[in-house]
Protein chains: 2
Amino acid sequence: MIDKLIEKIKSTNAPIVVGLDPMMKFVPEFIKQDAFRELGETLEGAAGAIWQYNKGIIDAVHDLIPAVKPQIAMYEQFGIPGIIAFKKTVDYCKAKGLVVIGDVKRGDIGSTSEAYAVAHLGKVQVGKKTYSAFDEDFATVNPYLGSDGVNPFLKVCQEEKKGIFVLVKTSNPSSGELQDKLVDGKPVYELVGEQVATWGAECMGSSGYSYVGAVVGATYPEQGKILRKVMPKSFILVPGYGAQGGKGADLVHFFNEDGLGAIVNSSRGIIAAYQQERYAHFGEQGYADAAREAVIAMREDIAAALNSR
Amino acid sequence: MIDKLIEKIKSTNAPIVVGLDPMMKFVPEFIKQDAFRELGETLEGAAGAIWQYNKGIIDAVHDLIPAVKPQIAMYEQFGIPGIIAFKKTVDYCKAKGLVVIGDVKRGDIGSTSEAYAVAHLGKVQVGKKTYSAFDEDFATVNPYLGSDGVNPFLKVCQEEKKGIFVLVKTSNPSSGELQDKLVDGKPVYELVGEQVATWGAECMGSSGYSYVGAVVGATYPEQGKILRKVMPKSFILVPGYGAQGGKGADLVHFFNEDGLGAIVNSSRGIIAAYQQERYAHFGEQGYADAAREAVIAMREDIAAALNSR
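If you're wondering where the values come from, they're calculated on a predicted model, not measured in any experiment. (Residues numbered from 1 in each chain as written. Chains lettered and ligands numbered in written order. Predicted model: local features only at pLDDT ≥ 70, side-chain atom pairs only at ≥ 80, totals over all residues. Heavy atoms only, no water.)

## Observations regarding the sheet that holds strand S6 (residues 138-141) of chain A
Residue and element names in this part refer to chain A.
So, point 1. With parallel pairing, the eight strands of this closed barrel are ordered in space as S1-S2-S3-S6-S7-S10-S11-S12. Taking the axes of each pair of neighbouring strands and ignoring which way they run, one obtains an average angle of 30 degrees across the sheet.
So, point 2. Here three bridges tie strand S3 (residues 99-106) to S6, and the two strands are oriented parallel to one another. The residue of S6 that forms the bridge with Ile-101 is Phe-138. (Pairing = 2+ DSSP bridges. Helix = DSSP H or I, 4+ residues; strand = E, 2+ residues; numbered from the N terminus. Axes fitted to C-alpha atoms, helices over the stretch in contact; angles between N-to-C directions.)

Given below as structure tokens:
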């Protein structure tokens with residue numbers, strides 16, 4: 001799947017992933033009203049609204065981008081109907097040929113981590129049959145529990161030709177409370193980055209990149225530069241561009257000399273672009289077209305930054 | 001909710017939580033066959049089987065214990081039908097008066113962590129109405145992202161009178177890869193334990209205990225002894241008893257002098273007791289009665305250990 005991701009990044013010339021994190025305050029009023037009219041002001045109504053909202057965005061941007069990253073928390077808060085909308089979103093994106101990164105940040109131990117890996121990337125056995133539960137292409141994984149938490153994901157990834165992105169240095173202000181602490185003079189994020197490189201060495205795609213990647217926030221470009229060297233064969237999923245303050249120029253450190261090695265996420269900067277002054281002329285009805293314009297602007301911003309290095 | 005948990009621990013005289021982690025290999029054949037006959041060898045069939053299995057156990061043990069801990073991964077692997085079985089289990093346990101600890105190990109940042117907190121402990125806004133999605137009483141939380149990941153849970157806990165258990169020192173063999181690393185001479189788990197004490201100071205129940213607890217594995221009694229002192233007002237959720245190798249005598253360090261401060265989880269040791277030689281005479285049909293006997297034995301084991309200190 002890392003090979004497919006790379007192929008699609010090359011063909012779209014856009015190392016971009018659109019974060020499908022449909023907060024209700026992003027969803028245009030007309031979509032909410034339609035959904036509430038049909039399904040009531042219920043969990044089903046909310047789930048119906050976020051699904052319609054997502055569908056509009058996917059239809060508008062799918063040809064421009066290699067991948068999407070639905071954030072499951074935004075669906076989970078609407079209970080079972082929300083999870084159904086998550087699954088519909090995953091399936092629809094895959095049908096459109098997009099690589100789907102499930103931003104689930106799961107992590108547990110042994111058989112439990114295996115159950116999460118099976119849930120999101122693998123197949124579960126029921127009697128003599130097998131089924132895929134959520135069937136994303138990649139999942140994000142939390143490393144706090146060590147190898148016992150990650151190895152079951154590697155096993156499933158090897159079987160299913162899928163991949164993971166391990167949290168290494170997250171984009172948020174307090175990420176340093178634990179991740180920057182020095183262990184023998186080396187920050188925790190670097191130790192975890194070394195583990196990612198080790199785990200990844202056993203999981204190489206034919207593209208020369210591993211299907212064990214890392215999450216490193218755009219808001220920490222200096223750390224990105226270090227981690228790029230620590231994990232030369234791992235793709236870096238870079239959140240924090242746009243709304244969280246990361247800029248195009250900050251991103252160059254996350255890429256390798258071959259122009260690959262990173263994929264940059266933007267969520268509200270794309271999906272709620274119509275709420276920005278710059279794209280306000282699209283109006284609510286044009287939210288999906290605004291998202292398309294924002295993707296194009298982001299692609300140009302990254303290309304300009306990579307060209308000027 | 002921490003006050004209710006303590007009250008129930010006192011009334012049952014059992015600082016025990018039963019882990020409802022229904023792996024298919026634990027589910028008796030007759031239950032699986034019934035469910036498959038009705039619903040097919042499908043995700044629905046699997047979910048039907050684990051729900052019937054859970055219900056039997058809950059009916060058999062609910063009067064003996066204060067709390068249960070369903071592990072959501074074991075349900076998530078069966079997709080939407082699995083998640084429905086999780087929700088039914090939560091609701092059924094609450095109707096029986098049990099405290100429900102959702103073992104979800106969620107953790108993200110800002111609005112995303114808030115969405116997880118809302119999903120599992122809070123209420124979500126839909127138009128002018130509010131709904132609870134999963135509505136557990138406690139949730140387990142991963143601290144790798146720092147305060148940005150935990151604070152949204154604290155806010156929801158304060159509003160809803162609920163609680164969390166933060167992963168501090170997990171029970172698995174590789175937990176030390178990150179958690180034991182020394183920072184200025186102090187292991188990471190101790191730093192996280194100090195954070196738990198700080199977060200918990202703002203979240204006190206009237207019982208004198210905080211509703212911000214910690215997860216510390218029974219397999220690490222020496223670390224438990226240290227952490228007990230670092231977080232004197234936090235309840236410790238102790239996994240790893242039984243199947244993972246923790247013994248009654250190891251547990252005493254996790255409790256305070258008042259006999260409180262810890263609650264010990266057992267999953268397969270209880271729910272799959274009928275598969276142990278000791279309880280084999282119950283047979284598959286008697287799996288729930290075997291679970292009841294195993295709870296009683298666990299209660300006596302812990303009481304004996306606490307009495308002999």
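## Topic: the sheet that holds strand S2 (residues 67-70) of chain B
Residues and elements named next belong to chain B.
So, point 1. Pairing is parallel around the closed barrel formed by eight strands, whose spatial order is S1-S2-S3-S6-S7-S10-S11-S12. For this sheet the average axis-to-axis angle between neighbouring strands, irrespective of direction, equals 30 degrees.
So, point 2. Sheet strands touched by helix H6 (residues 110-121): strand S3 (99-106), strand S6 (138-141) and strand S7 (163-169). Its angle to S3, the strand with the most contacts, is close to 155 degrees. (Contact = heavy atoms within 4.5 Å.)

## Some details on helix H13 (residues 287-307) of chain B
Residue and element names in this part refer to chain B.
So, point 1. The terminal C-alpha atoms of H13 lie 30 Å apart, and with 21 residues this matches the ideal 30 Å at 1.5 Å per residue to within 8%.
So, point 2. By the burial criterion, the buried members of H13 are Tyr-287, Ala-288, Ala-290, Ala-291, Ala-294, Val-295, Ala-297, Met-298, Ile-302, Ala-305 and Leu-306.
So, point 3. Where H13 is buried, its residues touch strand S1 (16-20), helix H2 (29-39), helix H3 (43-61), helix H11 (248-251), strand S12 (262-266) and helix H12 (268-271). (Expected span 1.5 Å × (residues − 1). Buried < 20%, exposed > 50% of the residue type's maximum accessible area, 1.4 Å probe, protein only.)

## A short note on helix H6 (residues 110-121) of chain A
Residue and element names in this part refer to chain A.
So, point 1. Across its twelve residues, H6 extends 16 Å between first and last C-alpha, which sits within 8% of the 16 Å expected from 1.5 Å per residue.
So, point 2. Burial analysis of H6 places nine of its twelve residues in the buried class, which makes it a mostly covered element.
So, point 3. For H6, the complete set of buried residues consists of Thr-112, Ser-113, Ala-115, Tyr-116, Ala-117, Val-118, Ala-119, His-120 and Leu-121.

## Examining the relation of the copies chain B and chain A
So, point 1. Under the fitted operation, chain B is carried onto chain A by 0.0 Å of movement along the axis and a turn of 180 degrees, and the coordinates agree to an RMSD of 0.0 Å. Considering both components of the superposition, the chain copies are consistent with a two-fold axis. Relative to the rotation axis, the C-alpha of B:Val183 is the closest in chain B, positioned 2.6 Å from it.
So, point 2. In this assembly, 100% of the residues forming the interface of chain B have copies in chain A that are likewise at the interface, indicating an isologous arrangement. (Least-squares fit on C-alpha atoms with pLDDT ≥ 70 in both.)

## Describing the pairing of strand S10 (residues 210-216) of chain A
All names here are of chain A.
So, point 1. With seven of its seven residues buried, S10 lies for the most part within the structure.
So, point 2. Every second residue of S10 is oriented toward a common face, with Ser-210, Val-212, Ala-214 and Val-216 on one face and Tyr-211, Gly-213 and Val-215 on the other, all of them buried.
So, point 3. Examined bridge by bridge, strand S7 (residues 163-169) and S10 share five bridges and lie parallel to one another. Within S10, the position partnered with Phe-165 by the bridge is Gly-213.
So, point 4. Pairing between S10 and strand S11 (residues 234-238): three bridges, direction parallel. Within S11, the position partnered with Val-215 by the bridge is Leu-237.
So, point 5. At this point the chain moves from S10, through helix H10 (residues 221-230), to the parallel S11, and the crossover so formed is right-handed. (Right-handed = clockwise from strand over helix to strand, strands pointing away.)

## Description of the packing of helix H9 (residues 188-201) of chain B against helix H10 (residues 221-230) of chain B
Residues and elements named next belong to chain B.
So, point 1. Two elements in contact, H9 and H10, have axes whose closest approach is 9 Å; the angle formed by their N-to-C orientations is 30 degrees. Taken together, H9 and H10 sit at an angle that is classed as roughly parallel. In the crossing of H9 with H10, the sense of the turn from one axis to the other is right-handed. Contact with H9, carried on its side by Tyr-189, Glu-190, Gly-193, Glu-194 and Ala-197, involves Gln-223, Ile-226, Leu-227 and Val-230 of H10 and no other residues of that element.
So, point 2. Taken together, the residues of the contact of H9 with H10 sort by class into five nonpolar, two polar and two charged. (Parallel < 35°, antiparallel > 145°, perpendicular 65-115°, else oblique. Left-handed = near helix turned anticlockwise from the far one by under 90°. Nonpolar A, V, L, I, M, F, W, Y, C, P; charged D, E, K, R; others polar.)

## Quick notes on the confidence of the model for chain A
So, point 1. Averaged over every residue, the pLDDT of chain A is 96; the share at 70 or more is 99%.
So, point 2. The ipTM assigned to the predicted complex is 0.96, against a pTM of 0.97. (pLDDT = per-residue confidence, 0-100.)

## Things to note about the interface of chain B and chain A
So, point 1. With 72 residues of chain B in contact, the opposing surface of chain A contributes 72 residues.
So, point 2. Where chain B abuts chain A, roughly 5,400 Å² becomes buried across the two surfaces, and 61% of that area is made up of carbon and sulfur atoms.
So, point 3. Counting across the interface, chain B meets chain A through six salt bridges.
So, point 4. The partner of A:Glu76 in a salt bridge is B:Arg106, with the nearest N and O atoms 3.0 Å apart.
So, point 5. The interface formed by chain B and chain A holds 35 residue pairs in polar contact (both at pLDDT 80 or more) in total.
So, point 6. The element contributing the most residues to the side of chain B that touches chain A is H6(B), with seven residues. (Buried area = accessible area lost by both parts, 1.4 Å probe. Salt bridge = Lys/Arg side-chain N within 4 Å of Asp/Glu carboxyl O. Polar contact = N/O pair within 3.5 Å; in protein donor to acceptor, adjacent residues only side chain to side chain.)

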